[in-house]
Amino acid sequence: MAGITIPARDLDRTRDGASPIVSMAHAAIVAAGPWLYTVLAILLVGGIAEPLAGENAVTAFRVQVMYSFCLSLIGSAPFIIVAVRGFSDDLFSRRADHVPSIYLGASAAACVCTTVIAASALLLLIGADLYVVASGTVSAGVLSLCWVGVAFTGVLRDHRQLTIAFSAGLIVGALLAIGAARAALGPCGMVVGFALGFFLIFAWATARILATFTTSDPARGGPVLVLFRLLRQHRHLAIAGFMAAAGIWADKWVLWGGSYAQVTVTGLPYVPQYEAAMFAAALTLLPSLALMVASLETNFFEAYRYYLGAIEGHATLQRLEQLASSLEKRTIRAVGNILSVQGAICATVVVIAPAIIERAGMNFAHLTTLRAVVIAGLCQVCFVACSSIVLFFDRAGFYAALQTVFVVLVSVCTWLATFAGERFLGAGYLTAALVSAALALVAVACTFRDANIIVFIASANRQQA
Amino acid sequence: MRAADSSQVGEIDADICIIVEGCYPYINGGVSSWIDWLLRGNPQSTFAVVPILSQRESRPMKYELPANVTCYRELYLNRPVTPPLWLSRGKSDPKGIRLAEALTELLHGGGLATFRRIAEIVNEPNHELTYRDLLASGLSWTAVQAMYKSSMPQASFLHFFWAWRSLFGGLFATLKFSIPRARAYHAISTGYAGLLASRAGLETGRPVLLTEHGIYTNERRIEILMAEWISDTIDKGLSLEDDRIDLRDMWMRAFDAYARICYEACDTILTLYEDNQRLQLALGADRGRLQVAANGIDLERFGNAVSARPGDPPTVGLIGRVVPIKDVKCFIQAVYFARQKVPDIRALVLGATDEDKSYFAECQTLVRDLDLDDVVTFTGPVKITEYFSKLHVIALTSLSEAQPLVLLEAGAAAIPCVATDVGSCREIVEGRSSEDPALGPGGRVTELVNPKQIGSAIAELLLDDKLRETLGQALQSRVRAYYGSEQALENYRALYARHTRAVPQPNPDRRERWRA
C-alpha cells in the first residue's frame with residue numbers, strides 16, 4: 001500500500017494549489033474506495049427495492065449484508081494477513097513460483113473457515129432458520145473469497161483493476177439483488193444475488209493474479225501445505241489478523257445478544273441506532289485514513305527504508321541510533337498531525353451532532369452514543385496508526401497482543417455499558433478505544449526505543465530459523 | 001564453576017572423548033580417515049565422539065562408527081533461536097557488560113583464565129545463561145554494543161554484529177553443550193574443538209590432549225586474509241604502530257585466543273612433525289608439553305600394491321578432495337606444462353568432487369580451457385589401492401598440509417612423489433636431517449603455486465624409468481622404517497594409558513595452573 005501512495009505524495013508536491021486536494025482525494029479513494037462503492041450500492045439497492053419488497057425486507061437485506069461482511073472478514077482475516085505476508089516475502093525475494101499456491105490456499109482456507117463460522121454463528125448463536133443460515137453462509141463464503149482477491153490485488157498495486165472490478169461486481173450484484181426483490185425471493189434471495197456480484201470481483205482478481213503468476217513449483221508443495229507452512233511460520237500474524245477483524249465487530253455481537261437489539265423479519269438481531277451512530281463515526285474517519293495513507297505510511301515508510309538502507313550501507317552504531325531517533329520524531333510528528341486533523345473533525349461533529357441526528361432521522365436519545373463513538377474514533381485512529389507502526393517493525397506478537405486486548409476490552413466494556421442504559425451504549429467502545437490507544441502509544445514508544453535491537457537481533461534470529 | 005571432586009569419578013560415557021571439528025564422520029579422507037584409524041586401532045578403549053558442525057543438516061555419514069564408540073553427540077555452532085516476544089534493550093545489563101569485558105580481554109591476549117571467567121559468567125550456578133540469553137536478548141545486545149563501542153566504533157555495525165555472532169555464537173555453543181563424561185579429552189584441532197576440550201578439562205579436572213595435523217589457526221588466518229566478505233574499515237596505510245582493531249583483526253585474534261586457551265589447557269600437545277612445533281610455540285604452547293607423533297599407514301595393505309609398469313601410458317595422479325586447499329587448479333596447469341614434454345601423459349584426480357561444487361566447476365572449466373579434456377580425468381572417490389597400478393607418479397600441490405597420508409601410501413607402494421613444500425612433505429620425500437643411514441630422495445619437492453616447476457618435475461619422472469624406480473624404492477624404504485601404522489598406534493595406546501589411569505582426586509597442580 002505504501003508504495004502506491006508515493007505517487008500521491010509526489011502529486012502533492014506540485015505547485016498547483018489544487019494538487020494537495022487531488023492527492024488527498026486520491027489517497028482517500030485508495031484507502032476507502034471499495035467500501036464507499038459498497039455502501040453506495042447497498043443504498044442504491046435499498047432505494048430501488050423498497051417499493052418492490054417493502055421496508056422490512058430491505059432492512060432485513062441490509063442487516064444480513066452486514067452479518068455477511070462481519071463473518072467473512074473474521075473468517076478470512078487470519079489467512080489473508082498470513083498469505084499477503086508470504087506473497088510479499090516472495091516478491092521481495094523475486095520468487096514467483098510460490099504465489100499461485102499461496103493465493104489458492106488462502107482462498108480455499110478463507111472460504112472453508114468462513115462458511116463454518118457463519119453456519120455455526122447463524123445456526124447456533126442466532127438460531128436463524130435454515131433459509132437464512134444457507135443464504136448467510138453462501139454469501140459470507142463468497143465475500144471471503146473476494147477479500148482474498150482484493151488483498152492480493154492491493155499488494156500488486158493494481159488499484160485501477162480493483163476499481164473496475166468493484167464497479168462491475170457491485171453493478172451486477174445490485175442488479176441481481178433488485179432482480180431478486182422483483183422476483184419476491186425475499187431478503188435472503190437479495191443477499192445471495194448481491195453476493196454473486198462479489199464473486200465476479202473475486203473471479204476478476206483471480207484471473208489477474210493467475211495471469212501475472214503463471215507457474216507454480218510443485219516441489220514446494222500444494223496450496224494446502226504451502227498455506228499451512230505459512231500459518232506455522234507466522235502464527236502471531238494469524239492471531240493478530242483474527243483479533244483485528246473481531247475487534248471491529250465485537251461490540252455489535254455483544255449488543256445483538258442483549259436487550260437493546262431489535263429483530264428483522266428474517267430473525268437477525270440488530271441495534272439500528274447504535275449501528276447508525278457507528279456508521280456516522282466511521283465516515284468521520286475518512287480524512288484520517290486518507291492522511292494515514294498519504295502521509296504516515298509514505299513518510300514513515302521512506303524514513304524506515306532510509307534507516308534500513310543505512311544499515312545495509314554499513315553505517316556505524318552511532319549513526320544508526322541517530323537515524324532511529326530521527327525516525328521516531330518524524331513518525332510522532334506525522335501521527336500528531338493526523339490526530340490533530342481527526343481531533344478537529346471529532347470536535348466539529350460533537351458540536352453539530354444534534355443536527356446530524358435530525359437530518360439522519362435518528363433518535364435524540366442516541367446523541368450521547370453518537371458523541372461517544374465519534375470521540376472513540378479519534379482513539380481508534382491513534383490505535384490503528386500506532387499498532388501499524390509496531391507491525392512495520394515485524395513485532396507480530398506485540399501486534400497480536402494489542403489486537404487481543406482491544407477485543408477483550410471492547411467486549412467487556414460494551415457489556416458493562418449496557419447496564420448503564422441505552423444512552424451510554426457508546427461508552428463501552430469509547431473506554432476500550434481509549435485504553436487500547438494508550439497501550440498502543442506505549443508499544444510504539446518502546447518499539448522506537450528498541451528499534452536497533454529489534455532490527456538486528458530479531459531479524460538475525462528469524463533468518464537463522 | 002563446578003570443581004572436580006572424587007564423588008564425580010563415577011559412571012563415565014567413555015574412556016576417551018574425541019572432539020573433532022568439521023570432518024569426521026561426514027567428510028571423506030584426511031583427518032577423518034586418521035580418526036577412523038585411531039578408533040579402530042584402539043579396541044581396548046571406549047570412545048565418545050563429538051563432531052562439531054556448523055549446523056544441523058541431514059547427510060549420510062561417510063564412516064561407520066566402530067563398536068567401541070559408546071557415545072556420539074553432535075555439537076552445532078549455529079542453532080536457530082527464537083527471540084522472546086518482549087525483546088527489549090532495557091537498561092544496560094551488568095552481566096552483559098562483564099561478558100563484553102571478558103570477550104574483549106580475550107581478543108587482547110586473554111587465555112585460559114579469561115575463558116574460565118567467561119564460562120563462569122555463562123554457567124553461573126542458579127543464574128545460568130541460556131543460548132537464547134546469549135544471542136537473542138537484551139543482555140546479548142548490551143554485550144554487542146559494549147564491545148563495539150570499546151573496540152571498533154568506526155566499523156560497520158552490521159559487519160561487527162554478524163562477526164560477533166559467528167565467532168562468539170560458536171564459543172557460546174561450546175559452553176552450553178552437554179559434554180560426555182570421559183577419563184580424558186582429546187581434541188583434534190584447536191578452534192572450537194580445543195575450546196570444548198578446554199572446558200571439559202576445567203569442569204572435570206580430567207586430562208586434555210591435543211593432536212594437530214595442520215595448524216588450525218594458520219589455516220583460519222589464510223582464509224580470513226583472503227575473505228572478501230570481511231570489510232576493512234580502517235586504512236592503516238603503512239603504519240605498523242596503528243593498534244586500532246578492524247574486523248579482520250577481530251576474526252584472527254579470536255582464533256589466536258582459542259588456540260592459546262587450548263594450549264594452556266592441554267597436558268600433552270601432539271603434532272605430526274617437528275616443523276609444526278615451531279608454529280605451536282609461536283602461538284603460546286608450552287615447550288614442555290609438546291610431542292611429535294607421526295602418522296602411520298598400514299604397510300601391509302599399501303606395500304602389496306603394485307605401481308604402474310614402464311610401458312604403460314605415463315600417468316600422474318593427484319589423490320585428494322577437489323577443494324581449494326589442495327590447489328587442484330595448479331595441478332591441472334602443471335599437467336599442461338608436463339604435456340609439452342610428455343605428449344601422451346594421463347592425469348587422474350582421485351578424490352571427492354562434491355565438497356566444493358563451485359570450485360570443481362572451475363577446475364572443469366580450466367581443463368576445457370587448457371584443452372586437457374582427453375588428459376585429465378576426475379574419478380570421484382575411489383579405492384586408491386586399485387589405482388596404484390595405473391600411476392607412475394603421485395603429485396601433491398596442496399597449499400597447506402600436515403602429514404599427508406597420500407605420500408606415505410604412495411611411498412609404501414614405491415611410487416615417487418612430486419610435492420609442494422608444505423607441512424612435512426619435504427621430511428617425507430627427502431628424509432629428516434637426522435636420518436641414518438640417509439635413504440635418499442623419494443621424489444621432488446617444489447615451490448607452492450608454481451605449476452611450471454611442478455610440471456617440469458612430473459615430466460622428469462615420467463620420462464626417466466630408472467630415476468623413477470630409484471626414487472620410488474628410497475621412498476618405500478623410508479616409509480617402512482619410520483611411518484608404520486602399528487608404531488603410530490602404539491604411541492597413542494601408551495598416551496591414553498598414561499592419561500586415563502583412575503584419578504581419585506583432581507590434580508592440585510592442574511587446578512593451580514588453571515587459576516593463573
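Calculation notes
- Residues numbered from 1 in each chain as written.
- Chains lettered and ligands numbered in written order.
- Predicted model: local features only at pLDDT ≥ 70, side-chain atom pairs only at ≥ 80, totals over all residues.
- Heavy atoms only, no water.
- Helix = DSSP H or I, 4+ residues; strand = E, 2+ residues; numbered from the N terminus.
- Rg over C-alpha atoms; globule rule 2.2 N^0.38 Å.
- Contact = heavy atoms within 4.5 Å.
- Lys, Arg positive; Asp, Glu negative; His and termini not counted.
- Charge placed at Lys NZ, Arg CZ, Asp CG, Glu CD.
- Areas by Shrake-Rupley, 256 points an atom, 1.4 Å probe, with all protein chains shown as cover.
- Buried area = accessible area lost by both parts, 1.4 Å probe.
- Salt bridge = Lys/Arg side-chain N within 4 Å of Asp/Glu carboxyl O.
- Polar contact = N/O pair within 3.5 Å; in protein donor to acceptor, adjacent residues only side chain to side chain.
- Nonpolar A, V, L, I, M, F, W, Y, C, P; charged D, E, K, R; others polar.
- Buried < 20%, exposed > 50% of the residue type's maximum accessible area, 1.4 Å probe, protein only.
- 1 Å grid on protein atoms, 1.4 Å probe; cavity = no way out; pocket = protein on both sides within 12 Å on 5 of 7 lines; lining within 4 Å.
- Points joined across faces, edges and corners; volume = space filled by probe spheres on them.
- Axes fitted to C-alpha atoms, helices over the stretch in contact; angles between N-to-C directions.
- Left-handed = near helix turned anticlockwise from the far one by under 90°.
- Pairing = 2+ DSSP bridges.
- Disulfide = S-S within 2.5 Å.
- Phe/Tyr/Trp six-rings, centres within 6.5 Å; stacked < 30°, edge-to-face > 60°.

S.K.: Looking at this structure, how should I read the overall build of chain B?
M.R.: Within chain B, the secondary structure is distributed over 19 helices and 14 strands. Its C-alpha atoms give chain B a radius of gyration of 25 Å, near enough to 24 Å, the size a compact globule of 516 residues would have. If one aligns the C-alpha atoms of chain B with their principal axes, the spans along those axes are about 80 × 55 × 45 Å. Restricting to contacts in chain B with at least 6 residues of sequence separation, those with at least 24 account for 74%. The centroid of the 58 positive side-chain charges in chain B is displaced by 5 Å from the centroid of its 64 negative side-chain charges.

S.K.: Help me understand the overall build of chain A, please; the structure alone is not making it clear to me.
M.R.: Helix and strand counts for chain A stand at 16 helices and two strands. In terms of overall dimensions, chain A has a C-alpha envelope of 70 × 55 × 45 Å along the principal axes. For chain A, the computed accessible surface area is about 19,600 Å², with 67% contributed by carbon and sulfur atoms. The distance from the centre of the 27 positive side-chain charges to the centre of the 22 negative ones in chain A is 5 Å.

S.K.: What's the story with the interface of chain A and chain B in this structure? I'm lost.
M.R.: By a widespread convention, an interface's size corresponds to the accessible area lost as its parts come together. Chain A puts 26 residues into the contact, and the matching count from chain B is 29 residues. The junction of chain A with chain B conceals about 2,300 Å² of combined surface from both sides, 68% of it contributed by carbon and sulfur atoms. On the chain A side of the contact with chain B, Leu317, Ile453 and Ile457 of chain A bury the most area, a combined 25% of that side's loss. Summed over the shared surface of chain A and chain B, the number is one salt bridge. The salt bridge partner of lysine 149 of chain B is glutamate 321 of chain A, with a shortest N-O separation of 3.8 Å. Here chain A and chain B share three residue pairs in polar contact (both at pLDDT 80 or more) between them. Per-element accounting of the side of chain A that touches chain B gives the leading share, 10 residues, to helix 16 (residues 451-464) of chain A. Split by residue class, the side of chain A that touches chain B holds 13 nonpolar, eight polar and five charged.

S.K.: Any chance you could explain the side chain of arginine 289 of chain B here in plain terms?
M.R.: Residue and element names in this part refer to chain B. Its location among the elements puts arginine 289 in the loop between helix 10 (274-282) and strand 8 (290-292). Judged by its relative accessible area of 16%, arginine 289 falls in the buried class. At a separation of 3.1 Å, a polar atom in the side chain of arginine 289 contacts the main-chain carbonyl oxygen of tyrosine 263.

S.K.: What is the right way to read empty space enclosed by the protein from this model?
M.R.: If a probe the size of a water molecule is rolled over the atoms, the empty space left behind becomes visible. Residue and element names in this part refer to chain A. The final tally for this structure, using the stated rule, is one cavity of 30 Å³ or more. If you add up the space inside the largest cavity, you get close to 40 Å³. If you go around the largest cavity, the residues you meet are Val65, Ser68, Phe69, Ser139, Leu143, Val191, Phe194, Ala195 and Phe198. Sorting the residues of the lining of the largest cavity by element identifies helix 3 (55-92), helix 5 (130-155) and helix 7 (186-212) as the ones contributing at least two each.

S.K.: What's the story with the packing of helix 6 (residues 157-176) of chain B against helix 7 (residues 191-204) of chain B in this structure? I'm lost.
M.R.: Any two packed helices are characterised by the angle at which their axes cross and by the distance between the axes. Residues and elements named next belong to chain B. Two elements in contact, helix 6 and helix 7, have axes whose closest approach is 9 Å; the angle formed by their N-to-C orientations is 35°. When the axes of helix 6 and helix 7 are compared, the crossing they make is right-handed. Of the residues in helix 7, those touching helix 6 at Ser166, Leu167, Gly170, Leu171, Thr174, Leu175 and Lys176 are Tyr192, Leu195, Leu196 and Arg199.

S.K.: Looking at this structure, I do not really get the sheet that holds strand 9 (residues 315-319) of chain B. What am I missing?
M.R.: Strand pairing in a sheet relies on backbone hydrogen bonds. The paired strands run either parallel or antiparallel. All names here are of chain B. Taking strand neighbours across the sheet as the criterion, the six strands line up as 11-10-9-12-13-14 in an open arrangement whose pairing is parallel. Every interior strand has two partners, whereas the edge strands, strand 11 (376-378) and strand 14 (443-446), have only one. With strand direction ignored, the average angle separating the axes of adjacent strands in the sheet is 20°.

S.K.: So what exactly am I meant to see when it comes to the state of the cysteines here?
M.R.: Cysteine pairs can be covalently joined through their sulfur atoms, and such a bond is termed a disulfide. Going through the model one piece at a time under the given rule, you end up with zero disulfides over all chains. Distance from the sulfur of cysteine 386 of chain A, which forms no disulfide, to the nearest cysteine sulfur (cysteine 382 of chain A) is 4.1 Å. Among the cysteines around cysteine 262 of chain B, which has no disulfide bond, cysteine 266 of chain B carries the closest sulfur, lying 3.8 Å off. The class for cysteine 262 of chain B is buried, based on a relative accessible area of 0%.

S.K.: Explanation requested: the packing of aromatic side chains in the structure shown.
M.R.: Tallying each qualifying case throughout the model produces 49 aromatic pairs over all chains. Ring geometry for phenylalanine 301 of chain A against phenylalanine 392 of chain A: centres 5.9 Å apart, planes inclined by 45°, an arrangement best described as tilted. Remark: phenylalanine 392 of chain A occurs in helix 13 (residues 367-392) and phenylalanine 301 of chain A occurs in helix 11 (residues 286-312); sequence separation between them is 91 residues. An angle of 35° between the planes, with centres 5.6 Å apart, marks the rings of tyrosine 24 of chain B and tyrosine 63 of chain B as tilted. Remark: tyrosine 63 of chain B occurs in the loop between strand 2 (47-53) and strand 3 (69-72) and tyrosine 24 of chain B occurs in the loop between strand 1 (14-21) and helix 1 (30-40); sequence separation between them is 39 residues. On the basis of relative accessibility, which here comes to 0%, the residue tyrosine 24 of chain B falls in the buried class. In this structure an aromatic cluster arises from ring pairing among Phe300, Phe301, Tyr304, Tyr307, Phe392, Phe393 and Phe448 of chain A.

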